[in-house]
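Here's the letter readout for the chains.
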Amino acid sequence: MTTEVHVELMSLDPNATGVLTGLGLLARRGAIRLTYRMLPIPAVLQTGPVHLRDKYDSCMRLLINGQRRAFIDFHDSWEIDEPGHDACDVYFKRSLALARLPASRHGKMRPLGLVNEVRSDGFDAFEFGRTLRLQRPLGFRVRELTRLALRLAGSWIDRGPRTTMSMLASPPEPEKSPRVLFMAALWDPARIAQSSPELV
């Protein structure tokens, strides 16, 4: 029996591409049947820490076989989405800090692990479909589809930024010493100072 996976998300957050690409690969192999629903993005919250006011942009919900619910939180903060937590069976969190959460919340929590922006090699019908169904004005969707097509065309002629599966993997070279490369983003200190005293 094929596993049915229904995904609900609001935006094309680059942090979500690893999960979405993986689901697309499973669907193309016939391991799962994948469906999507793009939700409208709610208004930015007017209260609370600045770094959490757009948090709904950075999450997705999965319904597996119509029964099990997973919530995936890509937001780069330790805080969780409490309604999302209450409505799911398992909650995957990018910046999981169990020590900061009440013990009653621990049972469903799982670390999301490394988050990389990564896309399928070649054309990905699921990626185009998500972009086409974005709950945004037509002009926005046309611009996003154009960017997607240009990035894809650029990758075919080995030009332009499109991080794909083949770019992030290579065969091992046993004769060389192992190396680890860490890449980190920088935050604007002025933005952090306005968000929350805990982040300064």
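Coordinates for the structure precede this section.
Before going into details, it helps to say that this report is about the structure given with it. (Residues numbered from 1 in each chain as written. Predicted model: local features only at pLDDT ≥ 70, side-chain atom pairs only at ≥ 80, totals over all residues. Heavy atoms only, no water.)

Tallying each qualifying case throughout the model produces three cavities of 30 Å³ or more. Of the pockets and cavities examined, the largest cavity occupies roughly 80 Å³. Here the lining of the largest cavity is composed, by residue class, of four nonpolar, two polar and five charged. (1 Å grid on protein atoms, 1.4 Å probe; cavity = no way out; pocket = protein on both sides within 12 Å on 5 of 7 lines; lining within 4 Å. Points joined across faces, edges and corners; volume = space filled by probe spheres on them. Nonpolar A, V, L, I, M, F, W, Y, C, P; charged D, E, K, R; others polar.)

Under the defined criterion, the tally for this structure stands at three aromatic pairs. With centroids separated by 6.0 Å and ring planes inclined at 55 degrees, the aromatic side chains of Tyr-36 and Phe-126 adopt a geometry described as tilted. Linking Tyr-36 in strand 2 (residues 32–38) with Phe-126 in helix 3 (residues 125–132), this pair joins segments that are 90 residues apart in sequence. Exposure remark for Phe-126: the relative accessible area of 21% places this residue in the partly exposed category. Here the basic side chain of Arg-136 rests over the ring of Phe-140, its NZ or CZ set 4.6 Å away from the ring centre. (Phe/Tyr/Trp six-rings, centres within 6.5 Å; stacked < 30°, edge-to-face > 60°. Helix = DSSP H or I, 4+ residues; strand = E, 2+ residues; numbered from the N terminus. Buried < 20%, exposed > 50% of the residue type's maximum accessible area, 1.4 Å probe, protein only. Lys NZ or Arg CZ within 6 Å of the ring centre and 35° of its normal.)

Now for the layout of surface pockets. Of the voids in this model, the second largest pocket is the one considered here, and its volume is about 180 Å³. Considering the residues around the second largest pocket, the lining is formed by 15 residues, among which Leu-12, Arg-119, Glu-127, Glu-144 and Arg-151 are closest to the centre. Contributing elements (two or more residues each) for the lining of the second largest pocket: helix 1 (17–28), helix 3 and helix 4 (138–156).

Turning to the pairing of strand 1 (residues 3–9), a few remarks are in order. Bridge count between strand 1 and strand 2: seven bridges; the pairing is parallel. In the sheet register, His-6 faces strand 2, and the bridge partner there is Thr-35. Each parallel crossover has a hand, and the one from strand 1 via helix 1 to strand 2 is right-handed. (Pairing = 2+ DSSP bridges. Right-handed = clockwise from strand over helix to strand, strands pointing away.)

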